Amino acid sequence: MTLNQTELIWLDEHHEVTLQELIALSGLSQAELVLLVENGALVPNNANTSDLRLDAWQFSSQCLVSIRTLSRLKHDFELEPNALSLTLVFLERIRTLEFQLHHLEHTKT
Amino acid sequence: MKFKDYYKILGVAQTATIDEIKKAYRKLAHQYHPDVSKDPAGEERFKEIGEAYATLKDKEKRAAYDALGRHPSGEEFRPPPNWAKNQYSDSSASPEYTFDDIDLADLFASFSSGKHQSHQDHIRPIPGQDYELATQISLEDAHHGITLDLNFTVPEYDTQSQLKQVPHNFKARIPKGVTHGQKMLLRGKGGNGFHGAPDGNLYLNINFIPHRLFRVTDHDLFIDLPLAPWEAALGATVKVPTLEGAVNLKVPAGARSGQKLRIGKRGMPKQNQEHGDLFAVIQIVIPTDLSHQERELFKELADTSTFNPRVHFN
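Keep in mind that what you see is a predicted model, and the values were worked out from it rather than measured.

Asks: Hey, could you go over the overall build of chain B for me, with residue numbers and the actual values?
Replies: For chain B, the count of helices and strands is ten helices and eleven strands. Here the contacts in chain B between residues at least 6 apart in sequence split such that 55% fall between residues at least 24 apart.

Rendered as structure tokens:
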């Protein structure tokens, strides 16, 4: 049996993915992802540049973690498209709060 | 393969309508969905619930499931003769289809995999399944980087169009700089895609094994630093372990419990070659078994000292 060494892709704030990669990896459609951006729940890293073409959008690869959770919730709870943005905002808020809680627990005196 | 009573799992009668099945599923999903529930047993329970719902909500799958007959939950059983021939439109599914090495979930998942669907579905590209794998590594391995041997099995079709549990084995290099809870993606290492569609991906969740000395937050490390009362009062130079060997730390006189002393760049490495810091958290420890001489010295200190730690009570 051959053991191939495989390259890992970091899912964090330092690495980026395009909209097409996000579609391929997240399980959400382009229309759903564009709606998330339009509603402000998902912000491309280059949102402030003048290039507004969809294929120019770059996202932090970290967002893939929340978006895959969102995709699971959409599938398992049969969420309506309009509920997706709100759910993503709450997922991100929970992630931030959990990180802060973890930090406090490990640094408390 | 072991029989699973999907009706019992959802708590509905065999005659339940699709609305009743949906209602029961939603109630249970709110209770056990792993992204909603923090119950550690919830994930396993939700797998069963999702599997039962995916089968019973689909008219054809439900009919195929009902055609298996009723068996006690957990009982080993084999589908009736010709069951595969009747359920699969694929002519390659012979009556001798063995069902070895797969479970009920794999069997019904295969209905939507495109392998045994209608002719149109037969040519439709279907991306491979994504999988998630959690792995634990030591703090030392995270500090230095490590090559992991990843081994897991996933259901896949063999050349006879039979579902089998297929082992996947490969190596993945975890570089320096990972953090606890880091997610990583291995492209194309999930299930096989069909008809020209890409293979699925593997998502790796990396967690650190709790360390006996260090706690980790992001790239910073924390270590409890026990000090004797006289070391805290007078100051001292003490040896503190780090992941790169012990260092001497100068503790200033008058150190307080809970005070943190920062040892720069002795934390976990970052992706940009920098390092987090190590924080020594002072804990003043009182000896519990005093010798006669120590007791006398403490008494002398008590008689001499004007220090009142409760002055703020007044």
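Asks: Go over the overall build of chain A, please, and point to the residues and values.
Replies: Assigned secondary structure in chain A consists of four helices and four strands. The linear arrangement of helices and strands in chain A, starting from the amino end, is β-β-β-α-α-β-α-α. A separation of at least 24 residues holds for 64% of the contacts in chain A among residues at least 6 apart in sequence.

Asks: Tell me about the interface of chain A and chain B, residues and numbers included.
Replies: Contacts between chain A and chain B engage 23 residues on the former and 25 residues on the latter. Counting residues per element, the ones that place at least two in the side of chain A that touches chain B are strand S1 (4–6), strand S2 (9–11), helix H3 (63–77) and helix H4 (81–107) of chain A. Considering each element in turn, the side of chain A that touches chain B owes the most residues, six residues, to H3(A). Of the residues contributing to the side of chain A that touches chain B, the split by class is ten nonpolar, ten polar and three charged.

Asks: Please provide a residue-by-residue account of the nonpolar core, values included.
Replies: One broad trend across soluble globular proteins is that nonpolar side chains are buried collectively. Residues A:Leu22, A:Leu64 and B:Met184 are the most contacted members of the largest nonpolar core, which totals 46 residues. Considering each element in turn, this core owes the most residues, six residues, to H3(A). In contact with B:Met184, other than residues within four places in its own chain, are A:Leu8, A:Ile9, A:Trp10, A:Leu11, B:Leu204 and B:Ile206. By size, the runner-up hydrophobic cluster in this structure holds 20 residues, among which are B:Tyr25, B:Phe46, B:Ile49 and B:Leu56.

Asks: Which residues make up the environment of B:Leu202, and what values do they have?
Replies: Residue and element names in this part refer to chain B. Here Leu-202 is to be found in strand S5 (residues 202–208). Distance from Leu-202 to Gly-191, taken between C-alpha atoms, is 8.5 Å for residues eleven residues apart in sequence. Apart from the residues within four sequence positions on either side, Leu-202 is in contact with Tyr-131, Leu-133, Leu-186, Lys-189 and Gly-190.

Asks: Account for the environment of A:Ala41, naming residues and giving values.
Replies: Looking at the secondary structure, you find A:Ala41 in the loop between helix H2 (30–38) and strand S4 (58–60). As for A:Ala41 and A:Thr87, which are separated by 46 residues in sequence, their C-alpha atoms are 8.9 Å apart.

Asks: For unusual backbone geometry, give the residues involved together with the corresponding values.
Replies: Located in the positive-phi region is A:Glu78, a residue other than glycine, with phi close to 50°. Within the secondary structure, A:Glu78 sits in the loop between H3 and H4. Among the residues examined, A:Glu78 registers 12 C-beta atoms within 10 Å and is labelled exposed. In this structure, B:Asp218 takes a positive phi of about 55° despite not being glycine. Inspection of the secondary structure assignment puts B:Asp218 in the loop between strand S6 (214–217) and strand S7 (220–227). Judged by the 16 C-beta atoms lying within 10 Å of it, B:Asp218 is partly exposed.

Asks: A description of the sheet that holds strand S4 (residues 182–186) of chain B should follow, citing residues and the corresponding values.
Replies: Judged by pairing direction, the sheet is mixed, and its four strands sit side by side in the order S2(A)-S4(B)-S5(B)-S1(B) without closing on themselves. Looking at the sheet topology across the chains shown, the edges are occupied by S2 of chain A together with strand S1 (131–137) of chain B. Averaged over neighbouring strand pairs, the angle between their axes works out to 30° when direction is ignored. As paired strands, S1(B) and S5(B) are joined by seven bridges and run parallel to one another. Bridging across to S5(B), B:Leu133 finds its partner in B:Leu204.

Asks: Could you give an account of the sheet that holds S7(B), with specific residues and numbers?
Replies: All names here are of chain B. In space, the four strands of this open sheet follow the order S6-S7-S11-S10, with mixed pairing throughout. Unpaired on one side and paired on the other, S6 and strand S10 (260–263) mark the two borders of the sheet. On average, each strand axis in the sheet is tilted by 30° relative to the strand beside it, whichever way the strands run. When S10 meets strand S11 (residues 278–284), the two strands line up antiparallel, connected through four bridges. Bridging from a neighbouring strand, Lys-260 pairs with Val-281 of S11.

Asks: Please set out H3(A) residue by residue, giving values where relevant.
Replies: The end-to-end C-alpha separation of H3(A) is 21 Å, in line with the 21 Å expected for 15 residues at 1.5 Å each. One or two positions beyond H3(A), positive phi appears at A:Glu78, with a value near 50°.

Asks: Quick one: what's the story with the packing of helix H2 (residues 18–32) of chain B against helix H3 (residues 42–56) of chain B, residue by residue and with numbers?
Replies: All names here are of chain B. Two numbers describe how H2 lies on H3: the axes approach to 10 Å, and their chain directions differ by 165°. Taken together, the axis directions place H2 and H3 in an arrangement best described as roughly antiparallel. Where H2 crosses over H3, the two elements pack in a sense that is left-handed. Together, Ile-21, Tyr-25, Leu-28, Ala-29 and Tyr-32 of H2 and Gly-42, Arg-45, Phe-46, Ile-49, Tyr-53 and Leu-56 of H3 make up the contact between the two elements. For the contact of H2 with H3, the per-class residue count stands at nine nonpolar, one polar and one charged.

Asks: Which residues make up the confidence of the model for chain B, and what values go with them?
Replies: With 87% of its residues at a pLDDT of 70 or more, chain B has an overall mean of 86. Across the whole predicted complex the pTM is 0.72, and at the interface the ipTM reaches 0.76.

Asks: Could you give an account of the packing of helix H1 (residues 19–26) of chain A against H3(A), naming the residues involved and the relevant values?
Replies: To describe two helices that pack against each other, one gives the angle between their axes and the distance between the axes. Residue and element names in this part refer to chain A. The interhelical angle for the contact between H1 and H3, taken along N-to-C directions, is 45°, at an axis separation of 10 Å. Judged by the angle between their axes, H1 and H3 are oblique. Handedness of the H1/H3 crossing: right-handed. Between H1 and H3, the contacting residues are Leu-22, Leu-25 and Ser-26 on the first element and Leu-64, Ile-67, Arg-68 and Ser-71 on the second.

What counts and what doesn't
Residues numbered from 1 in each chain as written. Chains lettered and ligands numbered in written order. Predicted model: local features only at pLDDT ≥ 70, side-chain atom pairs only at ≥ 80, totals over all residues. Helix = DSSP H or I, 4+ residues; strand = E, 2+ residues; numbered from the N terminus. Contact = placed C-beta atoms within 7 Å. Nonpolar A, V, L, I, M, F, W, Y, C, P; charged D, E, K, R; others polar. Core = buried A, V, L, I, M, F, W, Y, C linked by C-beta atoms within 7 Å. Buried ≥ 20, exposed ≤ 12 C-beta atoms within 10 Å, placed from the backbone. Pairing = 2+ DSSP bridges. Axes fitted to C-alpha atoms, helices over the stretch in contact; angles between N-to-C directions. Expected span 1.5 Å × (residues − 1). Parallel < 35°, antiparallel > 145°, perpendicular 65-115°, else oblique. Left-handed = near helix turned anticlockwise from the far one by under 90°. pLDDT = per-residue confidence, 0-100.

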